[in-house]
Amino acid sequence: SEALIKHQMVDHELIKVSGQIRELDKDNLSFMLRNRPNDDAELKCIFTEEQYDDIVDYFNSDSFVSATGRLKHSKNLLEIGDIEPTSITISVSQS
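Residues numbered from 1 in each chain as written. Predicted model: local features only at pLDDT ≥ 70, side-chain atom pairs only at ≥ 80, totals over all residues. Heavy atoms only, no water.

1. With respect to the overall build of the protein chain
- Along the protein chain, the regular secondary structure elements total two helices and five strands.
- Of the regular secondary structure in the protein chain, the N- to C-terminal order runs α-β-β-β-α-β-β.
- The buried share of the protein chain, taken over its 95 residues, is 36%.
- In the protein chain, the proportion of contacts linking residues at least 24 apart, taken out of those at least 6 apart, comes to 49%.
- Surface accessibility of the protein chain: about 6700 Å² in total, with carbon and sulfur atoms responsible for 48%. (Helix = DSSP H or I, 4+ residues; strand = E, 2+ residues; numbered from the N terminus. Buried < 20%, exposed > 50% of the residue type's maximum accessible area, 1.4 Å probe, protein only. Contact = heavy atoms within 4.5 Å. Areas by Shrake-Rupley, 256 points an atom, 1.4 Å probe, with all protein chains shown as cover.)

Structure below.
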């Protein structure tokens, strides 16, 4: 029905997020994005098998990442479309 289609469109929103991958669930291909700008709440993200190696690398290196994806409002869950490391780093001064 039209109402159902409209609800599904409203439930998904394309957004860009950033933060650090902290809690990684390798079995369910999901992670918690934390340390987000403006003290935004942590966000659960799901990713694909193809993104697995990159995500594990970002997790292991404590990289800050920037990701775009579809936010499912009803579950407060982000389906990752694209993810990459950002230039935000905790700099250590070289002397």
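2. Here we look at the sheet that holds strand β2 (residues 30-34)
- Spatially, β1-β2-β3-β5-β4 is the arrangement adopted by the five strands of the closed barrel, whose pairing is mixed. In this sheet, neighbouring strand axes are inclined to one another by 55 degrees on average, regardless of whether the strands run parallel or antiparallel.
- Where strand β4 (residues 64-72) and strand β5 (residues 77-85) come together, eight bridges link them in antiparallel fashion. Bridge pairing in β5 links Ala 67 to Ile 83.
- Relative to the sheet, helix α2 (residues 52-60) contacts β1 (12-25), β2, β4 and β5, its axis offset from that of β1 by approximately 60 degrees. (Pairing = 2+ DSSP bridges. Axes fitted to C-alpha atoms, helices over the stretch in contact; angles between N-to-C directions.)

3. Re the nonpolar core
- Phe 31, Leu 78, Ile 80 and Ile 83 are the most contacted members of the largest nonpolar core, which has 19 residues in total.
- Elements with a contribution of two residues or more to this core: β1, β2, β3 (43-46), α2, β4 and β5.
- The contact partners of Ile 80, leaving out residues within four places of it in the chain, are Phe 31, Cys 45, Ile 46, Phe 47, Gln 51, Ala 67, Thr 68 and Gly 69. (Core = buried A, V, L, I, M, F, W, Y, C linked by side-chain atoms within 4.5 Å.)

4. Some details on a negative patch on the surface
- A contiguous patch of negative charge, built from Glu 49, Glu 50, Asp 53, Asp 54 and Asp 57, is present on the exposed surface.
- Counting through the fold element by element, Glu 49 comes out in the loop between β3 and α2.
- Glu 49 gets classed as exposed once you look at its relative accessible area, which sits at 57%. (Patch = residues over 30% accessible without salt bridge, like charges linked within 9 Å, V, L, I, M, F, W, Y side chains within 5 Å. Salt bridge = Lys/Arg side-chain N within 4 Å of Asp/Glu carboxyl O. Lys, Arg positive; Asp, Glu negative; His and termini not counted. Charge placed at Lys NZ, Arg CZ, Asp CG, Glu CD.)

5. Focus: the side chain of Lys 72
- Topologically, Lys 72 is positioned in strand β4.
- Aside from chain neighbours lying at most four places away, what touches Lys 72 is Asp 11, His 12, Leu 77 and Glu 79.

Treat this as a map of the structure, not an account of what it does.
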